Amino acid sequence: MATAHTPLFSVEHLRVDIPTAAGTLHAVRDVSFALDAGKILGIVGESGAGKSLTALALLGLLPQRARRSAAALRLRNRDLLSMPERDLAAQIRGQRIAMIFQDPMTSLNPVYTIGRQLTEAMTLHQPVGTAAATQRAVYLLERVGITAAASRLNQYPHQLSGGQRQRVMIAMALMNGPELIIADEPTTALDVTIQAQILRLLADLQREFGMAMILITHNLGIVARIADTVAIMYAGEIVERAPTAQLFADPQHPYTRRLLGCLPQAHGTVPGTRLTTIPGIVPSLIGDIAGCTYASRCQEAVAECAVAPAPSRQHGAQHDYRCIHPGGLRVPGRDLSARPVFLPPPVDAAPRAPLLAVRDVHCSFDVGRGMLRAKRRLHAVRGVSFDLRRGEILAVVGESGCGKSTLARILLGLQGADAGTVSLAGTPLSQIGTKVLARRVQPVFQDPYSSLNPRQTLVEIVRRPLDLHAVGDPAARAGQVHEIMALTGLAERLVHRYPNQISGGQRQRVAIARAIIMRPEIVICDEPTSALDVSVQAQILNLLLDLREQFGLTYLFITHDLSVVRHIADRVAVMYLGEIVEIGDARAIFEAPRHPYTRALLDSVMTVNPAAGVPDTRIGHSYPNPLEIPSGCAFHPRCPHAMPVCSNFAPAVSETPHALVRCHLYTDALAESA
Amino acid sequence: MTTESITAVEPTPDLSPGRALRARMLAHKGLCIGLAIIVAGILLALLAPLIAPHDPYAQDLARRLLPPVWDARGTWQNLLGTDHLGRDYLSRLLYGSRISIVIGVAAASIGCLIGVTLGMCAGYFGGRVDEAVSYLLTCQLALPSLLLAMSLVFLIGPSLFVVIGVIGVLHWTYFLVVTRAATMQIRQLDYISAARALGSSRWQVMTHEILPNVLSPIIVIFTLEVGIAILAEASLSFLGVGLQAPTPSWGLMIAEGKNSMFLRPWLVIAPGAALFLLVIATNLMGDGVRDVTAPENRN
Amino acid sequence: MLRYTLRRALLALLVAFTVSVATFLLLHTATDPAQAIAGADADAAAVQQVRVQYGFDRPLAVQYASWLRGVVRGELGESYIWHRQVSELLAAHAPVTIALALSAMLITVVIAIPLGIVAAMRPNTIIDRIALTLAVTAQAVPSFWLGLMLIVLFGVMFPVLPVSGDETWRHFILPAVVLGASSVPAVMRLTRTGLLDVMGSDYIRTARSKGYMTGGILVRHAMRNAMLPVVGVLAVQLGHKLGGSVVTESVFALNGLGRLALQSILGSDIATIQMLVFVFALTFVVLTFLADLLNAWLDPRIRLA
């Protein structure tokens, strides 16, 4: 791997240890890599793998308690490991190596202007005056795509949108022309369409300025498209490292192979099939682990794996991995053989009355608290209509501000609509009592850490619906609880535990158990897998599909993840700023999207396709703000096909029996504006 | 959309929250010390009638202002000497503990009831209710509570119940602030929405879901407020507008001993030290409970 | 910003008004002012005469209205026991209390804030533990007892400071220490926690990644953020010192508003008590209003909401 020249940056055997009450946590056990100038290294791993700590350790920014050690840590020929803090701060950080963090809202100081935070990055390291620094700041702001840069200098972070703040962070990192940029999950906190734009920006800048980049993320698609080399981290170690195309074409380590199989859009996966999952959980990182860290979950583990650490092997040029098995002797990682295809229950194709009929629902809020304060109106839902047919999975897709969560709350009866009707099997919700509605429509929420009451045991949580509705006789309820928990894959021994004693995936199972114990007709899933690791997401998706088959459930599945949508949805509704802009069969939408926003959304999805590069969504940068809805068609400020009529008139809906699109491109625009 | 990926790492499953809490409590030195002192104080207070060597109200002018036993002129009959009316100081001190503890706990309870109720309503219902309660809070903060307490107690008539009532009614702000903040934080969590979606009524949500989760900060504030109430009563009695003679209130004893303080400092040191010990014990306990249940809220 | 200021000013006025109403009601229902003035031994006829003379037979609302009218016009009433104008009494006693409160505040700030900063910069070390122990201890000491102990110390054992009276500035040292010490724990803890939170925040991590060292970071980025909540608390503490000076003035025989309050209470002089409570509340309200404005000016999220 190392050739005659010196790499720009090299790390050998990096370790990070954190003392805790229960013993030493070996968060990073053995990380080694080398990076050449102008190249991008992607470090990928699920949560708990130690990626962020690795990034902080490279610059010596670990929290006080943590201990870092390494055999070598070099920038060109300079030894960063033993460099005193003063030199690191003065010469390296912010100057030769810059860092971009995940959450731009909390990473920028709220009480100082953008301009000040930018210029001080430069004046700290270079003997230039404020004027020169300001000039460079304006240049970089424009380069990163912020319009009216000079006037922005006097703005504060809270006055910018998330995407804009991240652009500012990038500009700040570039102020001194660093050789290396470390980006820790730079786009995770952003909407999907903006993610693509920011990544494209990063890729362009990296090329233009000839910087090297270490990109840390949990998203395999992103690294596939942008990185030159990919390193897969698991339990504090790099288990496989290879040039990008090679890693995805011919992965060697069992973890990598199964991880790729968990992706809903892994090449070759037919929608609706059972996803590969990785059984078991990451072992505790406290104390030493004898043998291979992945052995406890590996399908191909043999006796030696638990005893001796996995040796490092080579597979072709620059492709290392750690496994006891040499290449070629193994079972394929993706169990293509044992994959039953789900048979979706027959959907009501005949035009009978839909299970849930939503007609022209509007909902808005006053925002701005406190006495005598001017209130602003937030229009969350603006005229949403659709049908939900019995037995189908309808995916509702949209980014932040589109109103999908408010819509979910309306359908659950937690929020009242200002106008319009929602009817469940013909009866308007307003005429259905709370308790009755609760037995027929139930939610599964996004965050497993906040959807369970921390002071109740699992059995109490799952039993609560039965108690509230006085179902059956009390003695029988315990049996029902056990039955449903077994159905959702929760082991018997967990029954009396508290939420903090189980994992995220298990918590989500409990939430699902609670939702279906009363056999509802509709389950409204609000981003149920967005907060889960890929391997856990696969388990939950499989479970949801199983349960649908078993109980004949109907799902309204809210998500922003289009690969998940493609995998499980029968029909898709796309929302933007409170309206449904397109709705139709999933296959039709994916193969031939009509609305420009739908097209942009689909373009933004970064599947694992190394040859494809970062997509160019061609939509504008402006930020969708439900407090200031544009006139006419709400999407027109960002639309690549905007026409004059789009800013003046809201588009009428163009409807066929199976689909709907709200765009002037598909209506007789002249007739509408007459 | 910023939620972090949920780790597949299983946390140590062995201890349930209850048992883990107990273990942490026992390991916290401050908490144990505070608890020990308070338990000792309560025991002394309960057993005062049995252990006090004399009747705290019995005067004996022939034995006035005797020094404690370690002084040359002290006697074993009055271990801590006597006051200006010949009453045994140790007995008065022991009986005084009953007064302080009872007032402390009772007044804190009144404040707790008012503050927690208002706080939960403000935090849960928000909107106009919250605005009204916040306004009430601001008014209460603007009131010079010591002055008002002095005035009311003196004017209405300085009895035990009046003292407890007045102190309690003027000391609910801390409870309100904490309960309101905790309720507002919890209200947004998904398990509240889930409970409502299950058909729980508002009342059921407040008692079954929210209350168990706001108990820890309330307990912390309660212990601290007991200390505050004890000091408040002591101040009132010291100034002469609280409990009146011949009640063995520690504050009153300090006031009575103040005049001969230079020559007979024990008259002032003993009750003051007792106050200090009791209040520091409640503070240690309060801080300890806070450290143990929510160390991130350390303040 | 202007709208914010007007809003807060209006709120401040409303609060002061509400407080005065509440106090008026409480005082007039807690006791019979006519009885208090006439004395415990007076017979019913004498009490009734007093009642009519002072207008206590009128409905409470009317009495309050006339009180309010008087306040607005600057006529603050007459003391029932000293038979002097309340405004005179206030003017005579106020300077001592103001001097005491300000010097106590100075002591608090000079001790608590540096202590809090040092404790935050070295968390969980000896210094931090000492600071926290100091806080816990200072909170538990009854202020009047501390005053008496200091009097014994400096009056008898090391007679270098005067312990009674208010003639010279030296007379204010011990009282200021006692009064100031009561706020030190709260302010110190708030500074410490605030600074700890800020130092652990993401934007400080960003600053470090840009190349700031600890000293530079502290001054530039952290202090301004950490001080935001402290400003509010200092205003509240100052407001409370004015009302809480009763004990200190009583122990050290200072002739300030606190002393006046105590004597008024003991003499059931409701007119003076009412006025004192109102003045204290008004001062508190003004101080917090100013603190709000300062806060809004420092925090762009409020200023440019």
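Predicted model, so just to flag it, every value in this text is computed and none were measured. (Residues numbered from 1 in each chain as written. Chains lettered and ligands numbered in written order. Predicted model: local features only at pLDDT ≥ 70, side-chain atom pairs only at ≥ 80, totals over all residues.)

(A) Broad picture of the overall build of chain A. Scanning chain A from terminus to terminus reveals 22 helices and 25 strands. For chain A, whose C-alpha radius of gyration is 26 Å, the value lies close to the compact-globule estimate of 26 Å for 674 residues. Seen through its principal axes, chain A has C-alpha atoms that stretch 75 × 65 × 50 Å. Counting over 674 residues, chain A shows a buried share of 51%. Within chain A, counting contacts between residues at least 6 apart in sequence, those at least 24 apart form 68% of the total. (Helix = DSSP H or I, 4+ residues; strand = E, 2+ residues; numbered from the N terminus. Rg over C-alpha atoms; globule rule 2.2 N^0.38 Å. Buried ≥ 20, exposed ≤ 12 C-beta atoms within 10 Å, placed from the backbone. Contact = placed C-beta atoms within 7 Å.)

(B) Broad picture of the overall build of chain C. Within chain C one finds 14 helices and zero strands. When the helices and strands of chain C are placed in sequence order, the string is α-α-α-α-α-α-α-α-α-α-α-α-α-α. Projected onto the principal axes, the alpha-carbon positions of chain C cover approximately 85 × 60 × 30 Å. Partitioning the intrachain contacts of chain C with sequence separation of at least 6 by distance along the chain shows that 71% fall at a separation of at least 24.

(C) Quick peek at the interface of chain B and chain C. Between chain B and chain C, the residue contacts involve 38 residues of the former and 39 residues of the latter. Broken down by secondary-structure element, the contributors of at least two residues to the side of chain B that touches chain C are α4 (127-142), α5 (145-156), α9 (202-239), α10 (250-258) and α11 (266-293) of chain B. Partitioning the side of chain B that touches chain C into residue classes produces 27 nonpolar, eight polar and three charged. (Nonpolar A, V, L, I, M, F, W, Y, C, P; charged D, E, K, R; others polar.)

(D) Inspection of the domain arrangement of chain A at higher detail. Under the domain assignment used here, chain A contains domain 1 (97-175) and domain 2 (356-445 + 521-665). Centre-to-centre, using C-alpha coordinates, domain 1 of chain A lies 34 Å away from domain 2 of chain A. (Domains from an automatic or database assignment.)

(E) How the structure looks around the nonpolar core. If you look at the biggest cluster of nonpolar residues, it comprises 374 residues, and the most contacted ones within it are L556 of chain A, A149 of chain B together with A281 of chain C. Ranked by the residues each element gives to this core, the list is headed by α9 of chain B, at 18 residues. The two domains that each donate at least three residues to this core are domain 1 (97-175) and domain 2 (356-445 + 521-665) of chain A. With sequence-adjacent residues up to four places away left out, L556 of chain A is seen in contact with L388, L394, V396, L411, I522, I524 and C525 of chain A. (Core = buried A, V, L, I, M, F, W, Y, C linked by C-beta atoms within 7 Å.)

(F) Just the sheet that holds strand β24 (residues 653-655) of chain A, in detail. All names here are of chain A. Here we have eight strands laid out as an open sheet, ordered β19-β20-β21-β16-β22-β23-β25-β24, and mixed in their pairing. A single partner strand is all that each edge strand has here, and the edge strands are β19 (441-444) and β24. Between one strand axis and the next, the sheet turns by 20 degrees as a mean value, whatever way the strands run. In terms of strand pairing, strand β22 (residues 571-576) meets strand β23 (residues 579-585) through six bridges, oriented antiparallel. Note that in β23 the partner of M575 across the bridge is I580. Across the sheet, helix α16 (residues 504-516) lies against β19 and β20 (522-526), angled at about 175 degrees from β19, the strand it touches most. Here helix α20 (residues 596-604) sits on the sheet in contact with β16 (393-397), β22 and β23, set at roughly 105 degrees to β22. (Pairing = 2+ DSSP bridges. Axes fitted to C-alpha atoms, helices over the stretch in contact; angles between N-to-C directions.)

(G) Seen up close, the sheet that holds strand β17 (residues 419-424) of chain A. Residue and element names in this part refer to chain A. The strand order across the open sheet built from four strands is β15-β14-β17-β18, with neighbouring strands paired in antiparallel fashion. Whereas interior strands pair on both sides, the edge strands pair on one side only; in this sheet they are β15 (376-388) and β18 (427-428). Across two bridges, β17 lies against β18 in antiparallel orientation. Paired with L424 across the strands is T427, a residue of β18. Packed on one face of the sheet, helix α12 (residues 404-412) meets β14 (356-367), β15 and β17 and runs near 65 degrees to β15.

(H) The confidence of the model for chain A, seen in detail. Per-residue pLDDT for chain A averages 86, and the proportion of residues at 70 or more is 92%. The model gives residues 333-338 of chain A a pLDDT under 50, and that stretch makes eight contacts with residues more than four places away or in other chains. (pLDDT = per-residue confidence, 0-100.)

(I) Molecular detail of α12 of chain A. In terms of burial, α12 of chain A is a largely internal element, eight of the nine residues being buried. Among the residues of α12 of chain A, K404, T406, L407, A408, R409, I410, L411 and L412 of chain A are the ones counted as buried.

(J) Up close: the pairing of β23 of chain A. With six of its seven residues buried, β23 of chain A lies for the most part within the structure. From the end of β22 of chain A to the start of β23 of chain A, which pair antiparallel, there are two residues, and L577 of chain A there has a positive phi angle of about 45 degrees.

(K) Examining the pairing of β22 of chain A more closely. All names here are of chain A. Where burial is concerned, most of β22 is hidden: six out of the six residues are buried. Residues of β22 alternate between two faces, with R571, A573 and M575 on one and V572, V574 and Y576 on the opposite face, all of them buried. Both β16 and β22 contribute to a ladder of four bridges, which runs parallel. Paired with V396 across the two strands is A573, which belongs to β22.

(L) Fine view of the environment of V102 of chain B. Along the chain, V102 of chain B turns up in helix α3 (residues 89-125). For the pair V102 of chain B and V226 of chain B, spaced 124 residues apart in the sequence, the C-alpha separation amounts to 9.5 Å.

(M) Quick peek at the environment of F17 of chain C. Here F17 of chain C lies in helix α1 (residues 2-30). For the pair F17 of chain C and L282 of chain C, spaced 265 residues apart in the sequence, the C-alpha separation amounts to 8.8 Å.

(N) Up close: the packing of α11 of chain B against helix α6 (residues 126-140) of chain C. Following both chains from N to C, one finds α11 of chain B and α6 of chain C inclined at 135 degrees, their axes separated by 8 Å at the closest point. With respect to α6 of chain C, the element α11 of chain B is oriented oblique. For the pair α11 of chain B and α6 of chain C, the sense of crossing is right-handed. Across the interface between the two elements, F276, V279, I280, N283, L284 and D287 of chain B of α11 of chain B pack against V136, T137, Q139 and A140 of chain C of α6 of chain C. Grouping the constituent residues of the contact of α11 of chain B with α6 of chain C by class yields six nonpolar, three polar and one charged. (Parallel < 35°, antiparallel > 145°, perpendicular 65-115°, else oblique. Left-handed = near helix turned anticlockwise from the far one by under 90°.)

(O) Structural detail: the packing of α1 of chain C against helix α13 (residues 270-298) of chain C. Residues and elements named next belong to chain C. Look at α1 against α13: their axes get within 9 Å of each other, and the N-to-C directions meet at 160 degrees. Overall, the two elements α1 and α13 adopt an arrangement that is roughly antiparallel. Crossing of α1 against α13: the hand is right-handed. Of the residues that constitute the contact of α1 with α13, the class distribution is 19 nonpolar, four polar and two charged.

(P) How the structure looks around the confidence of the model for chain C. Model confidence for chain C is summarised by a mean pLDDT of 84, while 100% of its residues fall at 70 or above. The ipTM for the predicted assembly is 0.85, set against a pTM of 0.85.

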